[in-house]
Amino acid sequence: MTTQRSDSGLPSILKKLGEMTAIRDTSMVEQSLLRTLGPLLGILETGFYRVNDNNHIIRALYHARKVVEDHGSKRVVDNVEEVTNERQVSPELRNLFDSVRLLRKSCCRKLGMDLLICYPIFGENQVLGYFVFQRDREVTPVEDAIVQGVLEVFTNYFALLDSSQRDQLTGLLNRYSLEANLDRLWNLLSAKLHTGDKNGNARVNCPESYWLCVLDVDHFKKINDSFGHMIGDEVLIMVTRLLQSALRQSDLLYRYGGEEFVAIIAANDFDSAKEAFERTRASIEAFHFPQVGRVTISGGFSNADPNVLPQEVIHRADSALYAAKDAGRNRIFDYDSLIKQGILKAAATGTIDLF
Ligand SMILES: Nc1nc2c(ncn2[C@@H]2O[C@H](COP(=O)(O)OP(=O)(O)OP(=O)(O)O)[C@@H](O)[C@H]2O)c(=O)[nH]1
């Protein structure tokens, strides 16, 4: 059981809300929600689960605080761990999520001597996620009002931040969002590839590597010139939906420029990554676009090696894209093969010195 004295006075609540709304990164705001609610409720371990429209978990965060002795004085160490593997969610928790979603209010279940308590997080009238914690007693009416109030501030602030990081036309995350989150993303890739789980065990079902691909619609200017800007916009929306369907839910897709997209995917090896990017290309080629007919895309990809600076990885993928365009378009090239074949020259810089 993981409770301690709560810190739920008004000045403390206001201070925590002030800290949460000072953050400009959506993922960090999610972490901050747990760092806010845990101490307010006197809970040492809390969880946050974000779900998509199909109620699949797309992001899971665990927050754990520990009081440690440090040279005679006590200090709180807190850590937020991100896990994206749905299989790590217990059947009890899944069942609790279903009840919360259907009843549209907080619910709890007995779990040994404790209670597992879950609150819905709403967005545009649907459940976007769940806040979960475990403790030995029910939530008091005052605590309930605090949690509901903090979740409401969080939801409104998150929606505001999220809209500034999304492209208005396609709804995808925009270039600003990719660039603002590159370092955090790279740290996450590195942690996922090199660390064990929170019990120190090696992760199971963990991908071997990540891959970044820059995809670009071929001859898009011609589409605009021949059919008009509005049809051009429709093509971009349809390309987006086709890319989303061809990629997996857990993959990241950004609108990087006018007709340029960046996809970051997890794959066990080069061949699986190539197959996934090739699948996106083929899905566009196979689709009949109303009025326009055939549209194709070209792509260049590179291993998203956490030891290489992210900007360098984007540059490598971009170089491979330009080689694919030069070679006639409607094809996906990879940076390493182009280097091996002598078509591209390796850049001398761009690695991260880890030691
Ligand atoms: N309709 C529409 N067009 C856009 C948008 N953003 C950029 N564009 C247009 O996309 C076109 C991109 O043209 P180019 O960069 O020459 O590339 P391309 O014609 O696709 O040629 P290749 O990439 O070499 O195959 C430009 O004409 C831009 O004006 C947008 O949001 N909507």
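None of these values were measured; they are calculated from a predicted model.

Visitor: Can you break down the overall build of the chain residue by residue, with the values?
Guide: Tallying secondary structure elements over the chain gives 10 helices and 12 strands in all. By residue count, 47% of the 355 residues in the chain fall in the buried class. Sequence-distant contacts, at least 24 apart, represent 60% of the contacts inside the chain between residues at least 6 apart. Total accessible area on the chain is roughly 18300 Å²; 52% of this is exposed by carbon and sulfur atoms.

Visitor: Go over the site of the ligand, please, and point to the residues and values.
Guide: Surrounding the ligand, one finds 16 residues, the nearest of these being His 219, Phe 220, Asn 224, Asp 233 and Arg 255. Backbone polar atom of Phe 220 to an oxygen atom of the ligand: 2.7 Å apart, as the coordinates give it. Arg 329 places a polar side-chain atom, nitrogen or oxygen, 2.8 Å from an oxygen atom of the ligand. Calculation on the ligand without its partners gives an accessible area of 660 Å², and the protein chains cover 66% of this total. The element contributing the most residues to the shell around the ligand is helix α7 (residues 229-246), with 4 residues.

Visitor: How would you explain the pairing of strand β6 (residues 126-135) if you had to name every residue and give the values?
Guide: With respect to burial, β6 is a largely interior element, 7 of its 10 residues being buried. Here strand β1 (residues 45-51) runs beside β6; their pairing, made up of 5 bridges, is antiparallel. Bridge pairing links Gly 47 to Val 132 in β6. In this sheet, β6 lies alongside strand β5 (residues 114-123) in antiparallel orientation, the contact comprising 9 bridges. Bridge assignment links Phe 122 to a residue of β6, and that residue is Val 127. If you look at the hairpin formed by β5 and β6, you'll find 2 residues sitting between the two strands, and Glu 124 has a positive phi there, around 45°.

Visitor: Pulling in residues and values, what's your account of the sheet that holds strand β10 (residues 260-267)?
Guide: Pairing in this open sheet of 6 strands is mixed, and the strands run β7-β9-β10-β8-β11-β12 from one edge to the other. Strand pairing shows two members of the sheet lacking a second neighbour, β7 (173-174) and β12 (332-334), which therefore form its edges. Relative to strand β9 (residues 252-255), β7 is paired through 2 bridges, and the arrangement is parallel. Looking across to β9, one finds that Leu 173 is bridged to Tyr 254.

Visitor: A description of the pattern of salt bridges should follow, citing residues and the corresponding values.
Guide: Tallied over the entire structure, the rule returns 17 salt bridges. Note that Arg 281 is salt-bridged to Glu 278, the shortest N-O span being 2.7 Å. A residue pair is termed a helical-turn pair when its members lie 3 or 4 positions apart in one helix, as Arg 281 and Glu 278 do in helix α8 (residues 270-286) at 3 residues. Bridged by salt links that share partners, the residues Glu 278, Arg 281, Glu 285 and Arg 294 form one connected network.

Visitor: Please give an account of the pairing of β9 that cites residues and values.
Guide: One face of the sheet, then the other: side chains in a regular strand alternate in exactly this way. Where β9 meets β10, 4 bridges bridge the pair, whose relative direction is antiparallel. Within β10, the position partnered with Arg 255 by the bridge is Phe 261. As consecutive antiparallel partners, β9 and β10 are separated by 4 residues.

Visitor: Requested: an account of the confidence of the model for the chain, with residues and values cited.
Guide: Fine structural detail should not be taken from predicted coordinates in areas where pLDDT scores are low. In this model, the chain carries an average pLDDT of 87, and 89% of its residues clear a pLDDT of 70 or more. Ranking the elements of the chain by mean pLDDT puts helix α5 (residues 175-194) last with 77 and β12 first with 98. Low pLDDT (under 50) marks residues 196-205, which in the prediction has 16 contacts with non-local residues, meaning those over four places away or in another chain. Two numbers describe this predicted complex: its pTM, 0.75, and its ipTM, 0.95.

Visitor: Give a detailed account of unusual backbone geometry, specifying residues and quantitative values.
Guide: At His 219, a residue that is not glycine, the phi angle is positive and equals roughly 45°. Despite not being glycine, Gln 291 has its phi angle at roughly 70°, a positive value. When you line up the elements, Gln 291 lands in the loop between α8 and β11 (297-303).

Visitor: Let's hear about α7: which residues, and what values?
Guide: For α7, with 18 residues, the first-to-last C-alpha span of 25 Å sits near the 26 Å given by 1.5 Å per residue. Looking at the packing, one finds that the buried side of α7 touches β8 (209-217), α6 (220-227), β9, β10, α8 and β11.

Visitor: Describe the sheet that holds β5, with residues and values.
Guide: Read from one edge to the other, the open sheet built from 6 strands follows the order β3-β2-β1-β6-β5-β4, with strand pairing classed as antiparallel. The open sheet has two edge strands with one neighbour each: β3 (73-83) and β4 (107-111). Across the sheet, the axes of successive neighbouring strands diverge by a mean angle of 20°, strand direction being ignored. Note that β4 and β5 share 5 bridges and pair antiparallel.

How each quantity is defined
- Residues numbered from 1 in each chain as written.
- Predicted model: local features only at pLDDT ≥ 70, side-chain atom pairs only at ≥ 80, totals over all residues.
- Heavy atoms only, no water.
- Helix = DSSP H or I, 4+ residues; strand = E, 2+ residues; numbered from the N terminus.
- Buried < 20%, exposed > 50% of the residue type's maximum accessible area, 1.4 Å probe, protein only.
- Contact = heavy atoms within 4.5 Å.
- Areas by Shrake-Rupley, 256 points an atom, 1.4 Å probe, with all protein chains shown as cover.
- Near = heavy atom within 4 Å.
- Polar contact = N/O pair within 3.5 Å; in protein donor to acceptor, adjacent residues only side chain to side chain.
- Pairing = 2+ DSSP bridges.
- Salt bridge = Lys/Arg side-chain N within 4 Å of Asp/Glu carboxyl O.
- pLDDT = per-residue confidence, 0-100.
- Expected span 1.5 Å × (residues − 1).
- Axes fitted to C-alpha atoms, helices over the stretch in contact; angles between N-to-C directions.

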